[in-house]
Each structure stands twice: as structure tokens, then as C-alpha cells.
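Here is what each chain is made of, one letter per residue.
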Amino acid sequence: MKMMSKLFVFKGYFILMFFLSLILMSVGVRVSFGDEATSVTDKSVKIGLMADFTGPTAEGWIQIADGFKSFFRIVNNTGGIHGRKVNYIIEDDRYTIPLALSCFKKLVFKDRIFALQGASGTGHTAAIIPLVEKEKLPLIAGSGENKFFIPIRKYIFCPVPWYEDQAKLVVEYIFKDLKMKNPALAFMYPDTASGKQGRDAVRELVKTYPVRKYKEITFSLAAVDYTSQVLTLKRWNPDVIFLHGLVIDTSSIAKAAYRLGFIRPIIVNQYACSDEVLAIAGKTAKGMVAVNCFGTWDDDVPGVNKLRKAALAYNPHVRRRSPYFFQGWLMAMLFYQGFSNAGRELNTETFLKGMEATRNFDTEGICGVISFGPNDHKAIENHRFYKADIEKKRFVPISGWRRPKE
């Protein structure tokens, strides 16, 4: 009888716990049974990295992930943060929104992550934000669209440049540095959410700057030939081209323009300011200018020296790294700041306060100084301009750090 009584108590306990878990999940509380399902222990903290490793933007995200992992290898090899090592779980969303949602659910409900970095694109980020807020999950986003951060969202921080800011800087550069008067401006962009965000920013700018005429040309990230877009450009005959692109499309457009005898100044955004563009485009990228918020592999400053040493230690066959690697490194740095400032008693609220306590943080050349606050979750303010060095196959800085006008 005693055995039967204990058995009923044992079963009753699990029935009670089952119904309790249903109640808690119905009100949006994540439930963990045992340390194996806990995001934070005395010795570790689990974070997720959701990115595109096999889709159309994989060229950049693979390097971003490498930068992210390299930084945390150093952290873990030197004792972790307040004694905790950072365990990161990586998922491939392939730049598709349905898969991004699937990856999110797997990371949150199966892997029980504490915080997330991702997703791979603007549309994907928009799709997961309601879930992030419902689950009260800290997110260091992978998109620079300002509507995600204005007004401030409690759980979301921006570690990348805003497309709006880079558009402002490029238009300022055209008028002040190139000293163009009443230019004909063409804007080329991919038919993606981030491309459209850049387009909307440029549309507003041409209303206030003396642009003689303005043309928009879209393209697909999956395209293999850009002849038709370049022929359209050639017929329209702009004075300058602003290209919101990535590595493959940017280098392919430069090669098509050269082949068709259409030579005009091309200014590219952050994600085309990469040595890979020059390796592919070669002489056809001559004169190309880029805006970029990160330092370069060749900078002799403490932060880049540390980054370069780690990159070569963990991947000795790779001789150079692009701004994509810097971006991943910075994302990891921001997590580190939040964990460090939170102290030993790590939970969602202390982490968020730790992130917002990051003030005048000197990245030592990785990018500019960073500050967060209760009313400011935007990291990047400063950018430089770079010019293609065809012989060395790298972008070299041609300006100091500058911020866009308000």
C-alpha cells in the first residue's frame, strides 16, 4: 500500500507539473525542466545566431558568423564572462521568411536560448519581431531599418548602420566632396525589403537636394546577368550611380558597365565595400567609392590588431577579412558588454539594463564609439568613405569619420 501511495504521489506530481506548464505557456512564460533546458546556468549562457549560410546573401553572413564565433572563442578560452562561457547555436534561415520563423521557434522552444542575433534580412527581422516581444527575448538585430527602432522597442538593439544614414552620407558626398551641381542621379537596388528602405531614403533626399533628374533601377539578388539594367542606365545617362548592393551583384554590374562602355562614378553602400568585389570585378571597379561604418583589415589600431590576430589564429588559410567579419565581431562585442554590465545575476532584465549601460564604449577602431540608453538602441553613428585600389584589390579610406546631418 505504501508503494502504491508513493506511486500515486509521483504520478500526481507530474500531472500537476504538466498542467502548470500549460498554464504558464498560455500566458507567454517559457518553461524549463532541468539545467539541460535552461538558457543560463552558473557556467554557461546560450545565445542563438540565425543567418543565411546557403542562400543569396551567404557570402556576407558566413563571414559575419566567423567574426561572431572568433570573438567568443577568445572569451571562452580566457574564462568566459563572470565565469560563464558563451554557447552559441547557429541556424541557417537561407534568407527565407518561413525558414526564419522555423529557426526562431527551434532556437527559443527547443534550444532555450537566452538571447538571439538575427535574422538574415529586413523582411525576416520584421517577421520575428512580434515573436521576440511576445517571448521577451533580447535581440541584436541583423537589419538597419530605422522603423524597427523608432519608437524604441525594449528587447531589440541595432548593431548595424541604418540604410537611411548611409543614403544621407552618399548624397552629401556627391554634392560636397565630388562638388557636383544639379547632377542626374541613378539609384540601383535589389528588390528586397532592405533595398526598398534605401530607395525610400533616397527618394526623400532628392526632394531637398538640387538633383536635375532621378532614376531608380531594380534588380534581383538571384540574377546572373545585369546587361538590361546597365543598358537602361546607359540610355538614361546619369552623372553618378548610387548602388545599394552586395558582393556578386555589385561586381557583376561593374563588369557589365565596363563591357558596354558605360563609365560613370559608382558609389556603393556598406555591404559592397568588400575586397571580394574588387577580386571579382578587377579593373572594372576602377574609381568605385564606398561608404562603410567599420574599420579595415589594414588599420593599425588596437581593436583591429586583436581582431586580425584572432582571425588568423582560428582560420590561418584566410589572409584577409572584410567588413562583414567586423560586423560579426561587433555583434559579439555588444553581447559581451551586456553580459559584463549585467553582472553575475544574469536574467533578461539585468541584461537589458546592461546593454543600456553601454555608454561611450570605445571599440578601439572596429567602428566608432558606441552608446546605448533607455531611449537609444542604435549603435552606429560614424562612417568613412573608401576608394577602390585596383592594384592592391582592397578599399582604402579617403575620408575621416563623419556622421550624417540630422
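See above for the structure.
Residues numbered from 1 in each chain as written. Predicted model: local features only at pLDDT ≥ 70, side-chain atom pairs only at ≥ 80, totals over all residues. Heavy atoms only, no water.

This part covers the sheet that holds strand β11 (residues 384-389). Spatially, β7-β6-β8-β9-β10-β11-β12 is the arrangement adopted by the 7 strands of the open sheet, whose pairing is mixed. Each of the sheet's edge strands pairs with one partner strand only, and the pair in question is β7 (213-219) and β12 (394-397). Strand-to-strand twist of the sheet, defined as the mean angle between neighbouring strand axes without regard to direction, takes the value 25°. Pairing of strand β6 (residues 184-190) with strand β8 (residues 240-243), which is carried by 4 bridges, proceeds in the parallel orientation. Bridge pairing links Ala186 to Ile241 in β8. Helix-sheet contacts for helix α5 (residues 163-176) involve β6, β8, β9 (266-268), β10 (289-292) and β11, and the interaxial angle to β10 is about 140°. (Pairing = 2+ DSSP bridges. Helix = DSSP H or I, 4+ residues; strand = E, 2+ residues; numbered from the N terminus. Axes fitted to C-alpha atoms, helices over the stretch in contact; angles between N-to-C directions. Contact = heavy atoms within 4.5 Å.)

At a minimum axis distance of 7 Å, the contact between helix α11 (residues 323-342) and helix α12 (residues 348-356) shows a crossing angle of 115°. Between α11 and α12, the angle falls in the class roughly perpendicular. Handedness of the α11/α12 crossing: right-handed. Contacts between α11 and α12 pair Leu334, Phe335, Gln337, Gly338, Phe339, Asn341 and Ala342 from the former with Thr350, Phe351, Gly354 and Met355 from the latter. A per-class count over the contact of α11 with α12 returns 6 nonpolar, 5 polar and no charged. (Parallel < 35°, antiparallel > 145°, perpendicular 65-115°, else oblique. Left-handed = near helix turned anticlockwise from the far one by under 90°. Nonpolar A, V, L, I, M, F, W, Y, C, P; charged D, E, K, R; others polar.)

Enumeration according to the criterion identifies 6 cavities of 30 Å³ or more in this entry. Ser120, Tyr163, Ser194, Leu246 and Tyr271 are, among the 22 residues lining the largest cavity, the residues nearest its centre. Mapped onto the lining of the largest cavity, the elements with two or more residues apiece are α2 (58-77) and α11. Ranked by the residues each element gives to the lining of the largest cavity, the list is headed by α2, at 3 residues. Its residues placed into classes, the lining of the largest cavity shows 9 nonpolar, 13 polar and no charged. There is about 90 Å³ of room inside the second largest cavity. Lining the second largest cavity, in full, are Cys273, Ser274, Asp275, Asn292, Thr296, Trp297, Arg320, Arg321, Ser322, Pro323, Phe326 and Phe395. (1 Å grid on protein atoms, 1.4 Å probe; cavity = no way out; pocket = protein on both sides within 12 Å on 5 of 7 lines; lining within 4 Å. Points joined across faces, edges and corners; volume = space filled by probe spheres on them.)

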